[in-house]
Amino acid sequence: MSYIYSDKPVFKAILLVFGLIVLLIAAIMVSAMACNADGRKEVVTIKDIPAAGQQFISSHFADNVVSYIIKERDLIGTEYEVKFQNGVEIDLDGDGIWKKIDCGRGPVPEAVIPAEILAKINQTFPGNFIVEIKKEWRGYEVELSSGMDLKFDSKFRMIIDD
């Protein structure tokens, strides 16, 4: 009975070369996919972002003047970075849903903050307000006006990060 595998050095060398060829082909395929997503950034107008993003901005940041909007495509998808003249920055996903809101030293509009987070902040840190909020895959990350960073899990349990 013969076996496919052999301990002979020649056979090991052939397996090594074959493995390297497979890795090279995989690297070329990943590079080709990356080129299709191109990672380019382009300046767009408010009319070019999805309707949900337009509605979000007009509802919660109507008094702010847009300075620029950057659209970026990559392997993961499309994202939009909206920068206002007063320094406020909003990151939107490809559907126009906010991912991050950075209001600098000003407060994030309370209407966009989950009620559980807002209640916990008001109860635990009176006199503070949220200046930045970011959605993460496992919850939220917020920065308070005092500079303290907090995390909330998907069940809105607070985790002090600072």
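Let me sum up the structure you'll find in this document. All values reported here derive from a predicted model rather than from experimental measurement.

## What about the pairing of strand 7 (residues 139-144)?
Part 1 of the argument: Bridging between strand 6 (residues 130-136) and strand 7 involves six bridges; their strand directions are antiparallel. The partner of Ile133 across the bridge, within strand 7, is Val142.
Part 2 of the argument: Taking the residues between adjacent antiparallel strands as the criterion, strand 6 and strand 7 are bridged by two residues.
Part 3 of the argument: With five bridges joining them, strand 7 and strand 8 (residues 149-153) adopt antiparallel strand pairing. When the bridges of strand 8 are listed, Tyr140 appears paired with Phe152.

## Points about the nonpolar core
Part 1 of the argument: Core analysis: the largest hydrophobic core is formed by 29 residues, its most contacted members being Phe61, Ile90, Ile101, Ile121, Ile130 and Ile133.
Part 2 of the argument: Of all the secondary structure elements, the ones that give two or more residues to this core are helix 2 (51-60), strand 3 (78-84), strand 4 (89-93), strand 5 (98-102), helix 3 (115-124), strand 6, strand 7 and strand 8.

## Section: the pattern of salt bridges
Part 1 of the argument: Tallying each qualifying case throughout the model produces five salt bridges.
Part 2 of the argument: Its salt-bridge partner being Glu132, residue Lys100 comes within 3.8 Å of it at the nearest N-O pair. Taken together, the positions of Lys100 in strand 5 and Glu132 in strand 6 put the pair 32 residues apart, joining distant regions of the chain.
Part 3 of the argument: Owing to a relative accessible area of 24%, Lys100 belongs among the partly exposed residues under this scheme.
Part 4 of the argument: Among the residues examined, Glu132 registers a relative accessible area of 18% and is labelled buried.

## A few points about a nonpolar patch on the surface
Part 1 of the argument: On the surface, Leu16, Leu20 and Leu23 cluster together to form a nonpolar patch covering roughly 330 Å² of accessible area.
Part 2 of the argument: Relative to the helices and strands, Leu23 is located in helix 1 (residues 9-37).

## Regarding the side chain of Asn128
Part 1 of the argument: With respect to the helices and strands, the residue Asn128 is situated in the loop between helix 3 and strand 6.
Part 2 of the argument: Take Asn128: its relative accessible area is 18%, and that puts it in the buried class.
Part 3 of the argument: A polar atom in the side chain of Asn128 sits 3.1 Å from the side chain of Ser146.
Part 4 of the argument: When neighbours within four sequence positions are excluded, Asn128 is seen to be in contact with Ile121, Asn122, Leu144, Ser145 and Ser146.

## Some points on helix 3
The periodicity of an α-helix, 3.6 residues per turn, causes residues three or four places apart in sequence to face the same way.
Part 1 of the argument: Along helix 3, the positions that sit buried rather than exposed are Ile117, Leu118 and Ile121. Here the buried residues of helix 3 occupy an arc of 100 degrees about the axis, which is enough to place them on one side. Opposite the packed face of helix 3, turned more than 90 degrees from it, sit the exposed residues Ala115 and Gln123.
Part 2 of the argument: Residues of helix 3 that are buried in the fold lie against strand 6, strand 7 and strand 8.

Basis of the calculations
Residues numbered from 1 in each chain as written. Predicted model: local features only at pLDDT ≥ 70, side-chain atom pairs only at ≥ 80, totals over all residues. Heavy atoms only, no water. Pairing = 2+ DSSP bridges. Helix = DSSP H or I, 4+ residues; strand = E, 2+ residues; numbered from the N terminus. Core = buried A, V, L, I, M, F, W, Y, C linked by side-chain atoms within 4.5 Å. Buried < 20%, exposed > 50% of the residue type's maximum accessible area, 1.4 Å probe, protein only. Salt bridge = Lys/Arg side-chain N within 4 Å of Asp/Glu carboxyl O. Patch = residues over 30% accessible without salt bridge, like charges linked within 9 Å, V, L, I, M, F, W, Y side chains within 5 Å. Areas by Shrake-Rupley, 256 points an atom, 1.4 Å probe, with all protein chains shown as cover. Polar contact = N/O pair within 3.5 Å; in protein donor to acceptor, adjacent residues only side chain to side chain. Contact = heavy atoms within 4.5 Å. Arc of directions from axis to C-beta.

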